[in-house]
Amino acid sequence: MRMKHPILAALALTLAASAAIASAAAPPAAEGRELASSQSCLMCHASGAVAKPLSAYTSDSEAQLQAAILDPKKALGSSTMMPPYEGKLSAGQLAALVAYIKAGGH
Ligand code: HEC
């Protein structure tokens, strides 16, 4: 496609850029998988060494998962080793992690 008009070309670039942003945010489960790694969840939840793999929690409700991630001592008991993620995750990141676990946690 040839762009003769500079404004049209700029518009096309803007659309292409926003499509790229939208597709980067599109699959929250995939984003959640990356977060599970970057937020160290998998240090404890990968092999079952410290805690069960995240795939063990797929039948939890979304509300249970959110509560456990944000405030584990309240949700799971004061002796849990899991650190709280309240204030460390954006709402979108929390949703992506929950979507990832609900999608199977693999
Ligand atoms: C320092 C180790 C550690 C880290 C890091 C950690 N967890 Fe945990 N997590 C635990 C332990 C221990 C439990 C208690 C239950 C168990 O042993 O399976 C737990 C429980 C949970 C539960 C509750 C499941 C249920 O209903 O019983 C969820 C969900 C969970 N973790 C998700 C995560 C996510 C998501 C992250 C990263 C954002 C994370 N955890 C980081 C150790 C950890």
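Read on for a plain summary of the structure. The structure presented is a predicted model; accordingly, all values stated were derived computationally and were not measured. (Residues numbered from 1 in each chain as written. Predicted model: local features only at pLDDT ≥ 70, side-chain atom pairs only at ≥ 80, totals over all residues.)

Counting its secondary structure elements, the protein contains six helices and zero strands. In the protein, the proportion of contacts linking residues at least 24 apart, taken out of those at least 6 apart, comes to 59%. (Helix = DSSP H or I, 4+ residues; strand = E, 2+ residues; numbered from the N terminus. Contact = placed C-beta atoms within 7 Å.)

Before going further, it helps to spend a moment on the environment of Cys-41. Within the secondary structure layout, Cys-41 lies in helix α3 (residues 41-45). Leave out the neighbours within four places in its chain, and Cys-41 touches Ala-36 and Leu-54.

Listed in full, the buried residues belonging to helix α2 (residues 28-38) are Gly-32, Arg-33, Leu-35 and Ala-36. Buried residues of α2 fall within an arc of 165° about the axis and therefore sit on the same side. What points out from α2, more than 90 degrees from its buried face, is the exposed set Ser-37 and Ser-38. Residues of α2 that are buried sit in contact with α3 and α6 (91-102). Just beyond α2, the residue with positive phi is Ser-40, at close to 70°. (Buried ≥ 20, exposed ≤ 12 C-beta atoms within 10 Å, placed from the backbone. Arc of directions from axis to C-beta.)

Here the focus is the packing of helix α4 (residues 62-70) against α6. Put simply, α4 and α6 touch, their axes get as near as 10 Å, and they point 125° apart. In terms of orientation, α4 and α6 fall into the oblique class. Considering the relative orientation of α4 and α6, their crossing is right-handed. Each of Glu-62, Leu-65, Gln-66 and Ile-69 in α4 lies in contact with α6, whose residues at this interface are Leu-94, Leu-97, Val-98, Ile-101 and Lys-102. The class makeup of the residues in the contact of α4 with α6 is six nonpolar, one polar and two charged. (Axes fitted to C-alpha atoms, helices over the stretch in contact; angles between N-to-C directions. Parallel < 35°, antiparallel > 145°, perpendicular 65-115°, else oblique. Left-handed = near helix turned anticlockwise from the far one by under 90°. Nonpolar A, V, L, I, M, F, W, Y, C, P; charged D, E, K, R; others polar.)

For the ligand, the set of nearby residues contains 23 residues, the closest of which are Cys-41, Cys-44, Ala-51, Ala-68 and Met-82. Of all the secondary structure elements, the ones that give two or more residues to the shell around the ligand are α3 and α4. Here the residues of the shell around the ligand sort into 16 nonpolar, five polar and two charged. (Near = placed C-beta within 6 Å.)

What follows deals with the packing of α2 against α6. Axis separation between α2 and α6 bottoms out at 7 Å; the angle between their running directions is 100°. Between α2 and α6, the interaxial angle falls into the category roughly perpendicular. Here Pro-28, Ala-29, Glu-31, Gly-32, Arg-33, Leu-35 and Ala-36 of α2 come into contact with α6, specifically with Gln-93, Ala-95, Ala-96, Leu-97, Ala-99 and Tyr-100. Among the residues forming the contact of α2 with α6, the class breakdown is nine nonpolar, two polar and two charged.

This brings us to α6. If you check α6, its first and last C-alpha atoms are 16 Å apart, about what 12 residues at 1.5 Å a residue would give, namely 16 Å. Within α6 the residues assigned to the buried category are Leu-94, Ala-96, Leu-97, Val-98, Tyr-100 and Ile-101. Elements that come into contact with the buried residues of α6 comprise α2 and α4. Directly after α6, the chain includes Gly-104, whose backbone phi takes a positive value near 125°. (Expected span 1.5 Å × (residues − 1).)

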